[in-house]
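# Structural description and commentary
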Amino acid sequence: MSSPGRTLLLFTSSYPFGVGEEFIETEIEFLSQHFHEVHIFPLLKTGAKRSLPANVSVKDFRLYAPYSRVKLFLRKGRTLLTWYNRQRNARHGSAYSAGRWKKFNFLMHRFSDADEAGKLLSAYQPEQTVVYSYWFNIWTMVLAFSKGLGYHTHRVLTRGHGGDIDEQRKKAGFFLFRSIEMEFVDRVVPVSAYGRQLLRTYYPEFAKKIGMSRLGVENKGENPFAHSETFRIVTCSFAYALKRLHLVAEVLSHLEIKTEWVHFGEGEQLSRLKQLAAALPKNISVQFAGHVPNSAVIDFYRKNQVDLFMNVSELEGIPVSIMEAISFGIPVTGCKIGGVPEIVVEETGFLLEKDFDPAVVAGKIRNYHQLDFETKLNFREGVKKFWVNNFNAKKNYGEFIRTELTGTIQS
């Protein structure tokens, strides 16, 4: 139950608007139960607004508000130059020299945003309020900068997922002003051990403020399992190039068993996928379900036997789509990238090399398909047990709220 006076300020990319960040829909239920009020500040407000618990509301905070550069420099010019030069002298200093004015201008914008954030936070008591950025993105920068500039004393916490913490994914090879963010944010909580290790390697001087708390999904049921002539494979993701869904088609081209591939999701690569699917052997059928609400995917898992969930992306944190699959006892595949090896293990499926041979993967599927019914049933029970112990929303979010969010504020 919530405690009187406890307030959470949650900063998101677009949630509860549009179709992204579906995984917050689970977490918000737990957050609403443990805080008296939850105020959400989305960066973007496009698309339909999703339903929210009664004590959760959406608030306005305008980034990129007009400001006077001259007045800002007169007030904060010394700090601006100090922070700018600190980044130049950081470990990526040589790469930082290009586009110096653009970077300085970016920093000025964030100083202005930090000023506005200070005005916003002045309405909340620091002792009873937690400031929580769901992504290690521009929100984290503005909130940390605001604290570093002395505008507030609230506790600022940010999660970290994949692309928002992995410098290898950045074209420039680094995040602008990340070392300054790390100095003034109070807690960074990646969703994987992989992310935690990355940040501690990048910023060893801040290792003590870097934790780890996995996401989770709720128990929505069991996937039906019986003798079937058709081996059903499911994928669920945006059809973007980095998801490499064309490799699923290549794997299927090597299978002789009767197989059905069901894909949930749309994107720029969908037309190419449909062309590849049309060229597959007659023993392979493909269903493109398009973009559907997450509840529709869950309902599909309740009603239709799924023999294998596949993820072959080249970049991932720990995919919530895999969490959902194992929560139903569905075996999974994934590649040795990011935090995927923390969920695709011997107990849940088989881990693939990043640059795998589709024919080899087809062989693994064929071998699994040939196992007797009892062996496969026992394996699926083990998949479900792994979810219970590692990616159960009630367990993970309860611990996250207790140890990271509410443990340091007054009751």
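So, here is what we can say about the structure in this document. (Residues numbered from 1 in each chain as written. Predicted model: local features only at pLDDT ≥ 70, side-chain atom pairs only at ≥ 80, totals over all residues. Heavy atoms only, no water.)

A few words now on the packing of helix α11 (residues 320-327) against helix α13 (residues 373-390). What describes two packed helices is the angle between their axes and the distance between those same axes. One can describe the packing of α11 onto α13 by two numbers: an axis separation of 8 Å at closest approach and a directional angle of 125°. In terms of their interaxial angle, α11 and α13 are classed as oblique. Taken together, the residues of α13 that come into contact with α11 (itself represented by Met323, Ile326 and Ser327) are Val383, Lys384, Phe386 and Trp387. Residues belonging to the contact of α11 with α13 are distributed by class as follows: five nonpolar, one polar and one charged. (Axes fitted to C-alpha atoms, helices over the stretch in contact; angles between N-to-C directions. Helix = DSSP H or I, 4+ residues; strand = E, 2+ residues; numbered from the N terminus. Parallel < 35°, antiparallel > 145°, perpendicular 65-115°, else oblique. Contact = heavy atoms within 4.5 Å. Nonpolar A, V, L, I, M, F, W, Y, C, P; charged D, E, K, R; others polar.)

Each strand in a sheet pairs with another by means of backbone hydrogen bonds, the pair being arranged parallel or else antiparallel. In spatial order, the strands read β9-β8-β7-β10-β11-β12; together these six strands make up an open sheet with parallel pairing. Two strands close off the open sheet at either side, each with one partner strand: β9 (284-290) and β12 (349-352). Strand-to-strand, the axes of this sheet are offset by a mean angle of 20°, without reference to chain direction. By the bridge criterion, four bridges tie strand β11 (residues 332-335) to β12 in an arrangement that is parallel. Note on β12: the bridge partner recorded for Thr333 is Phe350. Strands in contact with helix α12 (residues 358-369) are β7 (231-236), β10 (308-310) and β12; relative to β12, the strand with the most contacts, it is inclined by about 170°. (Pairing = 2+ DSSP bridges.)

Right, let's talk about the environment of Gly290 for a bit. Secondary-structure assignment places Gly290 in strand β9. Once the C-alpha coordinates of Gly290 and Leu9 are considered, the two residues, 281 residues apart in sequence, prove to be 34 Å apart.

What follows deals with the side chain of Asp166. The residue Asp166 is located in the loop between β5 (155-160) and α6 (178-184) in this model. A polar side-chain atom of Asp166 sits 3.4 Å from a polar atom in the side chain of Tyr202. Not counting residues up to four positions away in its chain, the partners in contact with Asp166 are Phe175, Tyr194, Leu198 and Tyr202. (Polar contact = N/O pair within 3.5 Å; in protein donor to acceptor, adjacent residues only side chain to side chain.)

A few words now on the layout of surface pockets. In this model, the second largest pocket occupies a volume close to 280 Å³. At the level of elements, α4 (100-121), α5 (138-148) and α6 are the ones that each hand at least two residues to the lining of the second largest pocket. Of the residues in the lining of the second largest pocket, the class split is eight nonpolar, one polar and five charged. (1 Å grid on protein atoms, 1.4 Å probe; cavity = no way out; pocket = protein on both sides within 12 Å on 5 of 7 lines; lining within 4 Å. Points joined across faces, edges and corners; volume = space filled by probe spheres on them.)

All right, on to the packing of aromatic side chains then. Applying the stated criterion to the full structure yields 26 aromatic pairs. Ring geometry for Trp83 versus Phe145: centroids 5.0 Å apart, planes at 65°, classification edge-to-face. Taken together, the residues span a long stretch of sequence, with Trp83 in helix α2 (residues 69-88) and Phe145 in helix α5 at a distance of 62 residues. Assigned by exposure class, Trp83 and Phe145 land together as buried. On the basis of an interplanar angle of 65° and a centroid distance of 5.9 Å, the ring pair of Trp261 and Phe288 is categorised as edge-to-face. (Phe/Tyr/Trp six-rings, centres within 6.5 Å; stacked < 30°, edge-to-face > 60°. Buried < 20%, exposed > 50% of the residue type's maximum accessible area, 1.4 Å probe, protein only.)

Time to look at a nonpolar patch on the surface. Side chains of Phe238, Tyr240, Leu242 and Leu315 sit close together on the surface and give an oily, nonpolar patch of about 310 Å² of accessible area. Note on placement: Leu315 falls in the loop between β10 and α11. For Leu315, a relative accessible area of 31% puts it in the partly exposed group. (Patch = residues over 30% accessible without salt bridge, like charges linked within 9 Å, V, L, I, M, F, W, Y side chains within 5 Å. Areas by Shrake-Rupley, 256 points an atom, 1.4 Å probe, with all protein chains shown as cover. Salt bridge = Lys/Arg side-chain N within 4 Å of Asp/Glu carboxyl O.)

Here we take up the side chain of Asp115. Topologically, Asp115 is positioned in helix α4. A residue is classified by how much of its surface remains accessible, and Asp115, at 15% relative accessible area, is buried. Within the structure, Asp115 has its side chain in polar contact with the side chain of Arg75 (distance 3.1 Å).

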